[in-house]
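Chain residues, written in single-letter form:
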Amino acid sequence: MGTRTGIYIIAIFMACFCHAAGHGRNTFGDKPVRNKRAGTCTQETNVLSTEDSGKTTHKPADTGDTKEKKKKAVKRQYIYRFTLKDKSGNPYSLSRPEEFLSRKSIERRRRQKLPTDSTDMPVSTKYIEMLSVERVKIIGTSRWHNTVLLSTSDTTTVQRLARMNFVRKCEKVYQSPDSIEKEVYDKDYHDCFNPWDTVATSRYGGAESQIAMLNGSALHEAGYEGQGVTIAVLDGGFRNADRIPAFENINIIGAKDFISENTDDIYRKADHGTKVLSAMGVNAPYVYTGTAPQAGYWLLRCEDIQTEQPVEEDYWTMAAEFADSVGADIINSSLGYTQFDRHLGDHRYRDMDGHTAFISQSASMLADKGMILITSAGNSGMGPWKKIVFPADAENIITVGAVTPKGMNAPFCGVGPTQDGRIKPDVMAQGSPAAVISGRGTINRDMGTSFSTPVVCGLTACLWQALPGKTAKEIMDLVRRSADNTDHPDNIFGYGIPDFGRAYDMGRDGLPQQ
């Protein structure tokens, strides 16, 4: 009897252990491993089984008055991307671009002799109205791709809308997860720096080494600190950037949230964007000064930090288009994608050509709109992916990798080349570690290409201020040609570590300076 009891105890223990293990997190990454099949709204893959629309894990307690409520399943929410065939029925005209682009956006194109084209036209209002039916919510559009994002729990209605004659394609880009951990907003922050943060010998304070590596002081000492240049920062949250005293002097032109209708979320969610912004915009002499302290900034939240799904590429595109429309000159994006929850829309190496992934298509269009994209190479170097992330594969952009303070490549940095053989990353900057200011208002040493990217971005803004007659493509070319590996570029260091003083001289004189 004792033996049988022991067997029962072991069996119960193993069952509990297996149940707990089944709900554990993937120790390799930040998110649980998900292996559910995902569908689109074409052919059979959009026919959702009854288990696909089961209850969420947030359930009421087992009391008498809630048992009846438990019987009603909470419908799963979906987001679909509708690609339209044309822009018929649109009240806008290319002869009147001021109706959908700002004066600054139009002037940026005119200065670089770039025309407006059909991709600049908004999506047809007639088609949007036809898609705006009961139980469906339109949450955004892309004029560059001529797409509409549509949210619903009614897949039958989606099937009907997908058959409309103006719809070219319909794809599922989001499926609500079974549960989401509630975010905790950390309101605490320091209202002053620590006494030991002051560096009496350097105006840049804690940011000295990362700026010196790129010879950024050559531009600053010549009076170029980003004045008149607008930078759009695309990120996942700018926690406490509206409260930390060190950020008070940053010229924040505006903010917009593409994830939530509550704009306050921009300043209450993750502080990744806070750190990125600090590397460019903070101006606290002898404590911490960024690379473009006099530039203007748009803060655009387009990364959903609670899930990883293809719709985030739509949000990113919407943010980039918004940046274009308000006249931003440069975009800093310390975001990147490879694989998604439930493997819905996972990318493959062969997609890395700058024109296959939705987000990379968007990124590849920016230079022809007169804008510069500075984006991170990604931190996949030590993981199974190894390579750069999307949209770092895009054409006519600057992809930034990370090095140590001694100029050695960071082992986590994603590598190239692209599928079509282009050198990536383009340039390198200090990111292992980089000095940034966190959402708690403290100077941290943080690791990642996310933080080497804004160091380059801010100085690129200063360079463009110094050489306003150059086009976006010409400025990017100067950055690459100024780097220390430009004669022998490779797919680890790219063109190397740029010298912005040299880039300025090259752009001003037209000849390399020895």
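This one's a predicted model, so the numbers in the text were calculated from it and none came from an experiment. Each chain carries its own residue numbering, running from 1 in the direction its sequence is written. The predicted nature of this model means local features are confined to residues of pLDDT at least 70 and side-chain atom pairs, given and counted, to a pLDDT of 80 or more, with totals for whole chains, interfaces and linings taken over all residues. Only heavy atoms go into the side-chain values, all of them from the structure, while hydrogens and water stay out.

## Focus: the overall build of the protein
Selection rule: The way it works is that DSSP assigns letters per residue, a run of H or I at least four long becomes a helix, a run of E at least two long becomes a strand, and they are numbered from the N terminus. Exposure categories follow from relative accessible area, calculated using a 1.4 Å probe and restricted to protein chains: below 20% of the type maximum is buried, above 50% is exposed, and the middle band is partly exposed. Contacts are residue-level and defined by heavy atoms, with any inter-residue pair within 4.5 Å sufficient. Only the protein chains shown count as cover for residues, with accessible areas throughout obtained via the Shrake-Rupley method and a probe of 1.4 Å.
Per the secondary structure count, the protein includes 13 helices and 15 strands. Out of the 514 residues in the protein, the part that is buried amounts to 53%. Looking at the protein alone, contacts between residues at least 24 apart form 77% of all its contacts between residues at least 6 apart. Of the accessible surface of the protein, which amounts to about 23,200 Å², a share of 51% is contributed by carbon and sulfur atoms.

## Overview of the packing of helix 9 (residues 311-325) against helix 10 (residues 358-365)
Put simply, the rule reads: All axes are obtained by fitting lines to C-alpha atoms, using only the stretch in contact for helices, and the reported angles, taken between N-to-C directions, cover 0 to 180 degrees. Orientation labels follow simple angle bins: below 35 degrees gives roughly parallel, above 145 gives roughly antiparallel, 65 to 115 gives roughly perpendicular, and whatever is left gives oblique. Left-handed describes a crossing whose near helix is turned anticlockwise from the far helix through less than a right angle; right-handed describes the clockwise counterpart. Amino acids outside the nonpolar list (Ala, Val, Leu, Ile, Met, Phe, Trp, Tyr, Cys, Pro) and the charged list (Asp, Glu, Lys, Arg) are all regarded as polar, and Gly is one of them.
Closest axis-to-axis distance for the helix 9/helix 10 pair is 8 Å, and the angle between their directions is 15°. The orientation of helix 9 relative to helix 10 falls into the category roughly parallel. You can see that helix 9 and helix 10 cross each other, and the crossing is left-handed. Contacts between helix 9 and helix 10 involve Glu 313, Asp 314, Trp 316 and Thr 317 on the former and, on the latter, Phe 358, Ile 359, Ser 362 and Ala 363. Across the contact of helix 9 with helix 10, the residue classes tally to four nonpolar, two polar and two charged.

## Remarks on the environment of Thr 418
We apply this condition: Counting of polar contacts relies on pairs of N or O atoms within 3.5 Å, with two restrictions inside protein: one atom must be capable of donating a hydrogen and the other of accepting it, and residues adjacent in sequence are counted only when both atoms are side-chain atoms.
Looking at the element boundaries, Thr 418 is found in the loop between strand 12 (398-403) and strand 13 (427-430). The buried category is assigned to Thr 418, whose relative accessible area is 3%. Distance in space between the C-alpha atoms of Thr 418 and Glu 395 is 9.8 Å, their sequence separation being 23 residues. Among all residues touching Thr 418, those that are not within four sequence positions of it are Met 352, Ile 388, Asp 393 and Lys 424. Of note is the side chain of Thr 418, whose polar atom sits 2.9 Å from the backbone nitrogen of Arg 422.

## A word on the pairing of strand 15 (residues 443-446)
Cut-off, in case you're wondering: One requirement defines pairing of two strands: DSSP has to find at least two bridges between them.
Here strand 14 (residues 434-437) pairs with strand 15 via four bridges, running antiparallel. Counterpart to Ala 435 in the pairing with strand 15 is Arg 445. Adjacent in sequence and paired antiparallel, strand 14 and strand 15 are bridged by five residues, among which Gly 441 carries a positive phi angle near 80°.

## A few points about helix 3 (residues 103-111)
For clarity, the threshold we go by: By definition, the arc is the one covered by directions from the helix axis to the C-beta atoms.
Along helix 3, the positions that sit buried rather than exposed are Ser 105, Arg 108 and Arg 109. Buried positions in helix 3, seen along its axis, are confined to an arc of 95° and lie on one side of it. Turned more than 90 degrees off the buried face of helix 3, the exposed positions are Arg 103 and Arg 110. At its buried positions, helix 3 is contacted by helix 9.

## Describing the sheet that holds strand 12
In sheet architecture, strand pairing relies on hydrogen bonds along the backbone and comes in two forms, parallel and antiparallel. The strand order across the open sheet built from seven strands is 6-9-5-10-11-12-13, with neighbouring strands paired in parallel fashion. Every other strand in the sheet has two partners, leaving strand 6 (251-257) and strand 13 as the edge strands with one partner each. For this sheet, the mean inter-axis angle between neighbouring strands, taken without regard to orientation, is 25°. Here strand 5 (residues 230-235) runs beside strand 10 (residues 330-333); their pairing, made up of four bridges, is parallel. From the neighbouring strand, Ile 231 faces strand 10, where its bridge partner is Ile 330.

## Observations concerning the pattern of salt bridges
Side chains that differ in charge, positive against negative, can pair when their charged atoms come close. Applicable threshold: The working definition used for a salt bridge is a side-chain nitrogen of Lys or Arg within 4 Å of a carboxyl oxygen of Asp or Glu.
Under the counting rule described, the total for this entry stands at 28 salt bridges. Taking the shortest distance from any N to any O, the salt bridge between Asp 446 and Lys 275 comes out at 2.7 Å. Taken together, the residues Asp 446 in strand 15 and Lys 275 in helix 8 (residues 272-281) connect sequence positions 171 residues apart. Residue classification places Lys 275 among the buried positions, given a relative accessible area of 13%. Close ionic contact of Glu 395 with Arg 422 constitutes a salt bridge, the shortest N to O distance being 4.0 Å. In this pair, Glu 395 sits in the loop between strand 11 (372-376) and strand 12 while Arg 422 sits in the loop between strand 12 and strand 13, placing the two residues 27 residues apart along the sequence. Each member of the salt-bridge network shares a partner with another, and the members are Arg 108, Arg 109, Asp 117, Asp 120, Arg 143, Glu 321, Asp 324 and Lys 369.

## Observations regarding the sheet that holds strand 2 (residues 137-142)
Here we have four strands laid out as an open sheet, ordered 2-3-1-4, and antiparallel in their pairing. Looking at strand neighbours, the two that pair on one side only are strand 2 and strand 4 (167-175), the edges of this open sheet. With direction set aside, neighbouring strand axes in the sheet form an average angle of 25°. With five bridges connecting them, strand 2 and strand 3 (residues 147-152) associate as antiparallel partners. When the sheet's bridge partners are listed, Lys 137 is paired in strand 3 with Ser 151. Sitting on the sheet, helix 5 (residues 155-162) touches strand 1 (78-84), strand 3 and strand 4, and the angle it makes with strand 1 is about 5°.

## Looking at the environment of Ala 472
Inspection of the secondary structure assignment puts Ala 472 in helix 12 (residues 472-481). As for Ala 472 and Arg 108, which are separated by 364 residues in sequence, their C-alpha atoms are 9.9 Å apart.

## What to know about the nonpolar core
This is how it is decided: Put simply, a nonpolar core is a bunch of buried Ala, Val, Leu, Ile, Met, Phe, Trp, Tyr and Cys residues held in one set by side-chain atoms that sit within 4.5 Å of each other.
Ile 231, Tyr 297, Trp 316 and Leu 463 are the most contacted members of the largest nonpolar core, which has 105 residues in total. A total of ten residues in this core trace back to one element, the largest contributor, which is helix 11 (residues 449-466). Among all residues touching Ile 231, those that are not within four sequence positions of it are Met 280, Ala 292, Ala 295, Gly 296, Tyr 297, Trp 298, Ile 330, Asn 332, Cys 457 and Ala 461. Listed in part, the 15 residues of the second largest apolar core include Tyr 80, Leu 84, Val 136 and Val 158.

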